[in-house]
Amino acid sequence: MSDFDVAVVGAGPAGLSAALGLVRSRRTVLLVDSNRPRNAATLRSHGFLTRDGVPPLELRKLGREEFEAYPGANFHAGLVQRVQQDADGFRLSVRGIRGSSDLEATVGNIVVATGLIEKLPSVPSLRAWYGTDLHSCIECDGYEKRDAALALIGESGDLAERALLISQWSSDLIVFTNGAAAVTAAEQAALARRGVQVERRAIADVVGERGRMTGVLLEDGETIPREAGFVRPEWTPAIDYLDGIGVRLDDSGLIAVDGLGRTSVPGVYAAGDSTAPGPEQLIIAAGHGAQVAAALNRDLLGPLL
């Protein structure tokens, strides 16, 4: 017999929502979290119904409290290091953190909700402004940056599309490609018709004073005044612990799932940012978690006939 019906790995909105749905379905649930949320630098989260503007850590705290109020709920602070298949399902090896012990547990099913690891463009002080004056989620923080002199910093091929979205909130936007061929000539012309400039010179740093961003310093010494803006990180799923069980990934390196969150490995489900399309708003991730919980619970019942 397994120690738990389900292990949910990751206690962000997707994982918490999945864990809550499963424990309310009277499943025994092990929720494991390493307390390394991608949005740790963000002071306020937006767009989550009834919680608009709440600090992300507060949202996680409230979600955990709701989950742990149910019989069958088990939380463990730790980092899942390895998952192995065995006769009873899956064996998890967890390294404890924050005073929690290491844990070995056998579970019947797994919900992967560990999200993404992000790598910011290689600009020295970018991290210092990240979460306050610079953000990555346009839908999450665009309204708070409305009508400001904005920068969009990135080196990826979707930069022009992201600039188009940002132009909804500000007519003063400059795209900084940091020397990369991230915006085509046709895209630059289309953006120019919308009043968006493209700056292709390499960036030396993002500068500011008195705790506020004031501009983007280029390598040739020119500083272009900017008040705030957005960055386009590179994202990779935080799923090294799954290497031993052969979960299939899509062409973008995200976990391939069907419409209800089932992966290529029976008994393994995934929800949130580690599945296509990748980074998403908190409320969407929570919805995916609820959907996966419902599908998994039904699967556990087996066929009617």
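Residues numbered from 1 in each chain as written. Predicted model: local features only at pLDDT ≥ 70, side-chain atom pairs only at ≥ 80, totals over all residues. Heavy atoms only, no water.

If you look the protein up in an unreviewed UniProt entry, it shows as Thioredoxin reductase from Microterricola viridarii. UniProt lists a comment for the protein under the heading Catalytic activity (unreviewed entry), and it reads "[thioredoxin]-dithiol + NADP(+) = [thioredoxin]-disulfide + NADPH + H(+)". (UniProt positions renumbered as here; feature names shortened; annotations may be inferred.)

Caption draft 1: Spatial organisation of the overall build of the protein. Along its length, the protein carries seven helices and 16 strands. Seen through its C-alpha atoms, the protein measures out along the principal axes to roughly 65 × 40 × 30 Å. When contacts within the protein are restricted to residue pairs at least 6 apart in sequence, long-range pairs at least 24 apart make up 56% of them. Placing the 30 positive and 39 negative side-chain charges of the protein at their respective mean positions leaves the two points 3 Å apart. (Helix = DSSP H or I, 4+ residues; strand = E, 2+ residues; numbered from the N terminus. Contact = heavy atoms within 4.5 Å. Lys, Arg positive; Asp, Glu negative; His and termini not counted. Charge placed at Lys NZ, Arg CZ, Asp CG, Glu CD.)

Caption draft 2: Up close: the side chain of E118. Along the chain, the position of E118 falls in strand β6 (residues 116-119). Looking at E118, the relative accessible area reads 12%, which means it is buried. A polar contact is formed between the side chain of E118 and the side chain of Y130, at a distance of 3.0 Å. Among the polar contacts listed, one links the side chain of E118 to the side chain of W235, at a separation of 3.2 Å. Apart from residues lying up to four places away in sequence, E118 is in contact with R38, R127, Y130, S136, P233, E234 and W235. (Buried < 20%, exposed > 50% of the residue type's maximum accessible area, 1.4 Å probe, protein only. Polar contact = N/O pair within 3.5 Å; in protein donor to acceptor, adjacent residues only side chain to side chain.)

Caption draft 3: The domain arrangement of the protein, seen in detail. The domain architecture assigned to the protein consists of domain 1 (4-117 + 235-301) and domain 2 (121-231). Counting residues at the interface gives eight residues for domain 1, matched by ten residues for domain 2. For domain 1, the biggest contributors to the area lost against domain 2 are A41, H46 and Q281; these three give 57% of the whole. Our count for the domain 1 to domain 2 interface comes out at zero salt bridges. Taken together, the links from domain 1 to domain 2 amount to zero residue pairs in polar contact (both at pLDDT 80 or more). (Domains from an automatic or database assignment. Buried area = accessible area lost by both parts, 1.4 Å probe. Salt bridge = Lys/Arg side-chain N within 4 Å of Asp/Glu carboxyl O.)

Caption draft 4: Seen up close, the packing of helix α1 (residues 13-24) against helix α7 (residues 282-301). At a closest axis distance of 7 Å, the pairing of α1 and α7 adopts a crossing angle of 35°. As α1 runs across α7, the sense of the crossing is right-handed. Across from P13, A14, S17, A18, G21 and L22 in α1, the residues of α7 making contact are L282, A285, A286, G289, A290, A293, L296 and N297. In terms of residue class, the contact of α1 with α7 is made up of ten nonpolar, four polar and no charged. (Axes fitted to C-alpha atoms, helices over the stretch in contact; angles between N-to-C directions. Left-handed = near helix turned anticlockwise from the far one by under 90°. Nonpolar A, V, L, I, M, F, W, Y, C, P; charged D, E, K, R; others polar.)

Caption draft 5: Seen up close, the pattern of salt bridges. The final tally for this structure, using the stated rule, is 14 salt bridges. Notably, a salt bridge pairs R262 with D258, separated by 3.0 Å at the nearest N-O pair. Overall, D258 belongs to the partly exposed group, its relative accessible area being 34%. For R262, the salt bridge goes to D299, with nearest N and O atoms at 2.9 Å. Highlighted residues: R262 in the loop between β15 (234-237) and β16 (268-270) and D299 in helix α7, separated in sequence by 37 residues.

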